[in-house]
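Architecture at a glance
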Amino acid sequence: VTITTRLLVSHLSGIRHYEKDITKVKEEKEKANRALKLTKSHQDKERKEKEGKGIEETDSVKEKKEHDGETKSRNSKPGRNNKEFEQEEYYLKEKFESVIESLKIFKNDPLFFKPGNQFLYSTYGFTLLSAVVERASGQKFTDYMLKMFRDLDMLSTVLDDNEAMIYNRARCYVYNKKGRLVNAPYVDNSYKWAGGGFLSSVGDLLKFGNALLYSYQAGQFKNRNGKLLPGYLKPGTVAMMWTPVPKTEVSWDRDGKYAMAWAVVEKNQQYGCCRQQRHYASHTGGAVGASSVLLILPEELDPETLGAWPEAPPRGVVVTIICNMQSVSLNSTALKIAREFDKEKRAQ
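Notes on the structure in this doc start here. Computed from a predicted model, the values in this text were never measured in an experiment.

Take the overall build of the protein next. In terms of regular secondary structure, the protein is built from ten helices and nine strands. Put simply, 66% of the contacts in the protein that link residues at least 6 apart link residues at least 24 apart. Put simply, the protein shows about 20900 Å² of open surface, and 52% of that area lies on carbon and sulfur atoms.

The next subject is the sheet that holds strand E5 (residues 257–258). An order of E5-E6-E7-E8-E9 is seen for the five strands of this open sheet, with the pairing classed as antiparallel. Where the open sheet ends on each side, the last strands, each with one partner, are E5 and strand E9 (316–323). As paired strands, strand E7 (residues 280–287) and strand E8 (residues 290–298) are joined by seven bridges and run antiparallel to one another. Note that in E8 the partner of Gly286 across the bridge is Ser291. Its contacts with the sheet place helix H8 (residues 202–218) against E8 and E9, and it is angled at close to 150 degrees to E9.

A few words now on the pattern of salt bridges. Between side chains of opposite charge, a pair can form as their charged atoms come close. Inspection of every chain in the model, using the stated rule, returns 15 salt bridges. Among the ionic pairs, Glu299 bridges to Arg315, the shortest N-O distance being 3.2 Å. Within this pair, whereas Glu299 is found in the loop between E8 and E9, its partner Arg315 is found in the loop between E8 and E9, the two being separated by 16 residues in sequence. Arg315 sits in the buried class, given a relative accessible area of 9%. Residue Glu299 pairs with Lys345 through a salt bridge whose shortest N-O separation is 3.4 Å. Of the two residues, Glu299 is situated in the loop between E8 and E9 and Lys345 in helix H10 (residues 331–347); the sequence distance between them amounts to 46 residues. Salt bridges linked by common partners bring Arg16, Lys20, Glu89 and Asp109 together as one network.

On to the nonpolar core. Tyr124, Leu212, Trp242, Trp262 and Ile296 are the most contacted members of the largest nonpolar core, which totals 39 residues. Sorting elements by how many residues they give to this core places helix H5 (residues 123–137) first, with four residues. No fewer than three residues from each of domain 1 (1–39 + 81–177 + 188–199) and domain 2 (200–347) sit in this core. Those residues in contact with Tyr124 that lie beyond four places of it in its chain are Ile15, Arg16, His17, Tyr18, Glu89, Ile105, Phe106 and Tyr191. By size, the runner-up hydrophobic cluster in this structure holds 14 residues, among which are Leu297, Cys323, Ala334 and Ala338.

This paragraph deals with the pairing of E8. Moving residue by residue along a regular strand, the side chains alternate between the two faces of the sheet. When you tally the buried positions in E8, you get seven out of nine residues, the bulk of the element. Between the end of E7 and the start of E8, which pair antiparallel, lie two residues, with Gly289 showing a positive phi angle near 85 degrees. Pairing of E8 with E9 involves eight bridges; the strand directions are antiparallel. Bridge assignment links Ser291 to a residue of E9, and that residue is Cys323.

Here we take up the packing of aromatic side chains. Scanning the entire structure with this criterion turns up eleven aromatic pairs. Centre to centre, the rings of Tyr124 and Tyr191 are 6.3 Å apart; their planes meet at 50 degrees, and the pair counts as tilted. With Tyr124 in helix H5 and Tyr191 in the loop between strand E3 (181–183) and helix H7 (193–196), this pair connects stretches of sequence that are 67 residues apart. Where Trp242 meets Trp262, the ring centres are 5.9 Å apart and the plane angle is 80 degrees; that geometry is what we call edge-to-face. With Trp242 in the loop between helix H9 (235–241) and E5 and Trp262 in the loop between E5 and strand E6 (263–265), this residue pair connects regions lying 20 residues apart in the sequence. Each member of the pair Trp242 and Trp262 is classed as buried. Site record: aromatic cluster; members linked through ring pairs are Tyr18, Tyr90, Tyr91, Phe106, Tyr124 and Tyr191.

This part takes up the pairing of E7. Examined bridge by bridge, E6 and E7 share three bridges and lie antiparallel to one another. Paired with Val265 across the strands is Tyr280, a residue of E7.

Here is what the cut-offs are and how they apply
Residues numbered from 1 in each chain as written. Predicted model: local features only at pLDDT ≥ 70, side-chain atom pairs only at ≥ 80, totals over all residues. Heavy atoms only, no water. Helix = DSSP H or I, 4+ residues; strand = E, 2+ residues; numbered from the N terminus. Contact = heavy atoms within 4.5 Å. Areas by Shrake-Rupley, 256 points an atom, 1.4 Å probe, with all protein chains shown as cover. Pairing = 2+ DSSP bridges. Axes fitted to C-alpha atoms, helices over the stretch in contact; angles between N-to-C directions. Salt bridge = Lys/Arg side-chain N within 4 Å of Asp/Glu carboxyl O. Buried < 20%, exposed > 50% of the residue type's maximum accessible area, 1.4 Å probe, protein only. Core = buried A, V, L, I, M, F, W, Y, C linked by side-chain atoms within 4.5 Å. Domains from an automatic or database assignment. Phe/Tyr/Trp six-rings, centres within 6.5 Å; stacked < 30°, edge-to-face > 60°.

What follows is the structure, encoded as structure tokens:
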């Protein structure tokens, strides 16, 4: 078979995640699909009943339902992380000198499906991607990334190296089997730098989000007398990264699809004065003792007035949340925050 970098970056490669048993993976997927169908059918039934009775929900009822849904999500592991932290490989303590060396963990394992046919979130797919970067750049993947972080002014973003003294490093926590808060166990992340091996701060992730948003919008502000600096990436590159890929899925937002290392929800509104779906890109993060999310909600720009606008890009809202607690669902909270700031900006 042929595995391309595009298949890797969209989790369509067939390379396994932490679970080695394909039967268990299929069973979990089937359970998730059944639960999704039941949820959708229940929502459709509720909507039809309301339409038949001519009932419209008040804001307080909506807020209560959102709160209940958020509580349920918070008290259960996210779909992608279901039973994930029970896998032994999550707690590896072996130190690898290079990402190419760490490929030995999974390089002899069979693919779960033909590349391009199905979606399976895979941290090891990104380990292979980092090996590609290492060979193509001619330098260690970690050196390559640290230089990139410096270019982006992300000076607090470093390797999650246990031996290094890192100023203001947070302590991470988990709940034990008795429901008590305890320190997270020791792990070595050198086998998955690309898929969960960096430490960062809220400030740095906001810089990263704004750099991407700037790059995405910079091409639309051409009439600014040539004073606008280019983005870190070309506008077309970010647009490609944020274009949903067929056959993919997203566990933290059922309206979304996976793109290229990002989950994307596209703009959509089927009926007037009804539910409106805004375009946004996000990604959650889960590690031993930590959870995170970075969400970018671009402002909807009017091409006819761009030249007259006094403000340059980035235009939109960037939200990031980092917490030192394992298995916390954060995407819906980040989206609510982004919508509130967006609503406030449009009201001005």
